[in-house]
Amino acid sequence: MAKSTLRFRDSAAAYDQLAAKIRKRDFSPIYLLMGEERYFIDRLTKQLSEGVLSEAEKAFNQITVYGKDTDSGQIINLCRQLPMMGRRQVIIVKEAQQLKGLDKLSLYTEHPLDTTLLVICHKDKNLDKRTALYKSCAAHGAVFESVRPRDYEIAAWLQQTIKDKGLTIDTKALSMLTDHLGTDLSKIDNELQKLTVSLPADTRRITDRDIEANIGISKDFNNFELCKAVTDRNMARALMIADHFSRNPKQNPLLLTIMALFAQFRDMFIVNYLVWQSRHRAKPFPSDAELMKILRKSNTFVLGEIKQAAARWDNRRVFGVLGLLREYDAKSKGLDSGGASDGELLRELLLKIFLG
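Everything numeric here is computed off the predicted structure, so don't read it as measured data. (Residues numbered from 1 in each chain as written. Predicted model: local features only at pLDDT ≥ 70, side-chain atom pairs only at ≥ 80, totals over all residues. Heavy atoms only, no water.)

1. What about the packing of aromatic side chains?
Moving on, step 1. A full pass over the atoms with the stated rule returns ten aromatic pairs.
Moving on, step 2. Where Tyr15 meets Phe40, the ring centres are 4.9 Å apart and the plane angle is 35°; that geometry is what we call tilted. With a gap of 25 residues between them, Tyr15 in helix α1 (residues 8-23) and Phe40 in helix α2 (residues 38-51) connect regions that are remote in the sequence. Accessibility assignment for this pair places Tyr15 and Phe40 in one class, buried.
Moving on, step 3. Each ring, one from Tyr39 and one from Trp157, has its centre 5.9 Å from the other, and the planes form 85°; the classification is edge-to-face. Here Tyr39 is found in helix α2, whereas its partner Trp157 is found in helix α7 (residues 154-164), with 118 residues between them in sequence. (Phe/Tyr/Trp six-rings, centres within 6.5 Å; stacked < 30°, edge-to-face > 60°. Helix = DSSP H or I, 4+ residues; strand = E, 2+ residues; numbered from the N terminus. Buried < 20%, exposed > 50% of the residue type's maximum accessible area, 1.4 Å probe, protein only.)

Shown next, in the form of structure tokens:
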């Protein structure tokens, strides 16, 4: 089966569109929700389970089954039943990827009933698009493909999600969240819910102080501040932050720190290379809009920071740092680490960056 070429931002946009249709009660007889990112699938399933029938109707006309506990024949029989004392019934199949003979559901999905709303939750991977089940779901219902984000895609999604709540977020606060929470959308959403509930009623801008007070990420000792100290060549400040990390290893995993540093120096390398091309090969340096696309950034402030940092570092040094980061990425996973703790490895890495 060919690997999907759908991008995370396309998946997020498709989720917004489908969620909006459901809110308007513009329902499809079949929903095939599939893919590797569980967050969107769970959100849509919850919306359908809560928004189609009234509480009174659910008692008779809403059934949830699990793939490992049932079979296709039982699901088809449920779908072909008529609703009791209502116009519609809802059948939700969770963990459908565990259902034996899954493709036999096409015997129903090729001829669905208007009185049944079937939700198929196929998590962790896509249904084969060559199958009769996929083709019939696409022809007669709604198919949603949930794509897992890359680390560089989280910031833009989170910024838009916060904007949808009527809020804005400072660049540093955004970096603190993305560095600390990674790419787990469910975890990010849970922390964001706690944050927005905790903010004063008149707050419209989320700052680093809000993140520190409500999520517990230090505004002074985090990956954003460490990256800034390193690119500013402030060794004392960088080592102070590293010392804080070593005393709080669970809140500051070494791997995430290395990833943040690598992203910073990778962007600097690209900017310096583009500068070199403009000077030595007469190739125009990209506009800010073009450079934002190249670096996959979402605002000009971050772009300005990267340009300033790149100007302070020769690309031969940057290339050397990238090599060190790859080396310590392996050590953080236990390869040739010599039994050193994460705190010791980080301090050793920083000294090599500054003194190498």
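2. Details of the sheet that holds strand β2 (residues 62-66)
Moving on, step 1. Read from one edge to the other, the open sheet built from five strands follows the order β2-β3-β4-β1-β5, with strand pairing classed as parallel. Two strands in the sheet have a free side with no partner beyond their single neighbour: β2 and β5 (142-146). Direction aside, the axes of adjacent strands within the sheet are offset by 10° on average.
Moving on, step 2. Note that β2 and strand β3 (residues 89-94) share five bridges and pair parallel. Looking at the pairing, Gln62 lines up with Val90 of β3.
Moving on, step 3. In the packing of α2 onto the sheet, contacts are made with β1 (30-35), β2, β3, β4 (116-123) and β5, and the angle to β4 comes to roughly 160°.
Moving on, step 4. Strands in contact with helix α4 (residues 72-80) are β2, β3 and β4; relative to β3, the strand with the most contacts, it is inclined by about 160°. (Pairing = 2+ DSSP bridges. Axes fitted to C-alpha atoms, helices over the stretch in contact; angles between N-to-C directions. Contact = heavy atoms within 4.5 Å.)

3. Looking at the pattern of salt bridges
Moving on, step 1. Overall, the coordinates contain 27 salt bridges when judged by the stated rule.
Moving on, step 2. Lys21 serves as the salt-bridge partner of Asp26, at 4.0 Å between the closest nitrogen and oxygen.
Moving on, step 3. Across the salt bridge formed by Lys307 and Asp288, the nearest N and O atoms sit 2.6 Å from each other. Remark: Asp288 occurs in helix α14 (residues 288-295) and Lys307 occurs in helix α15 (residues 300-311); sequence separation between them is 19 residues.
Moving on, step 4. Judged by relative accessible area, Asp288 falls into the partly exposed class, the value being 35%.
Moving on, step 5. One salt-bridge network, held together by shared partners, links Lys172, Asp208, Glu225 and Arg237. (Salt bridge = Lys/Arg side-chain N within 4 Å of Asp/Glu carboxyl O.)

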